[in-house]
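Observations on chain architecture
Chain residues, written in single-letter form:
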Amino acid sequence: MRDDERLIRVAREKDKILDLFRSRGMRITKQRRLILDIVFEQECTSCKEIYYRAAKRDKNIGIATVYRMVNVLSELGVFRTNTPYQLDHAYQTGAHGCRVILKNQCEVELSGEELLGVLTEALERKGCEGSPEIERVVLM
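What comes next concerns the included structure. (Residues numbered from 1 in each chain as written. Predicted model: local features only at pLDDT ≥ 70, side-chain atom pairs only at ≥ 80, totals over all residues. Heavy atoms only, no water.)

Looking at the nonpolar core
- Grouped together as the largest cluster of nonpolar side chains are 19 residues, with contacts concentrated most on F21, I35, I50, V66 and L73.
- Elements with a contribution of two residues or more to this core: α1 (3-23), α2 (30-41), α3 (47-57) and α4 (63-75). (Core = buried A, V, L, I, M, F, W, Y, C linked by side-chain atoms within 4.5 Å. Buried < 20%, exposed > 50% of the residue type's maximum accessible area, 1.4 Å probe, protein only. Helix = DSSP H or I, 4+ residues; strand = E, 2+ residues; numbered from the N terminus.)

Encoded structure:
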């Protein structure tokens, strides 16, 4: 999918979410838009991570605002909290990759092939010999 197509899709999804907010009687504030933008821009995994990113852009945002917004997004099925992530079998074929974000904000992208190589090496060190077929990876 081209970047402009992805941007249009994301904009439509955001509009749908904002319409759902309106239908619930929620105001569409600058801070709520900011949080929604961060959720769609980044692969955030926690309220704290969203809060830190939001606070860099708006120093007046409170963590309670982020938690309330994430709760609403969770109810709508947009954001999942306390759910282990699963990497599906497509990772075996090198079809997907991942981005690793360290606490010092260093980011490293791994292709699907590189990710599979790292997992295979780790499995071999743990005693899984040969080329193991990975059915599923659950991150906790």
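Focus: the side chain of T65
- Examined against the element boundaries, T65 turns out to sit in helix α4.
- Its relative accessible area of 19% is what places T65 among the buried residues.
- Apart from the residues within four sequence positions on either side, T65 is in contact with Q31 and I35. (Contact = heavy atoms within 4.5 Å.)

Observations regarding the pairing of strand β2 (residues 98-101)
- Sheet topology places β2 next to strand β3 (residues 107-110); 4 bridges connect them, and they run antiparallel. Bridge pairing in β3 links R99 to E109.
- What sits between the antiparallel neighbours β2 and β3 is a turn of 5 residues, in which Q105 has the positive phi angle 70 degrees. (Pairing = 2+ DSSP bridges.)

Taken by themselves, the reported measurements are silent on function.
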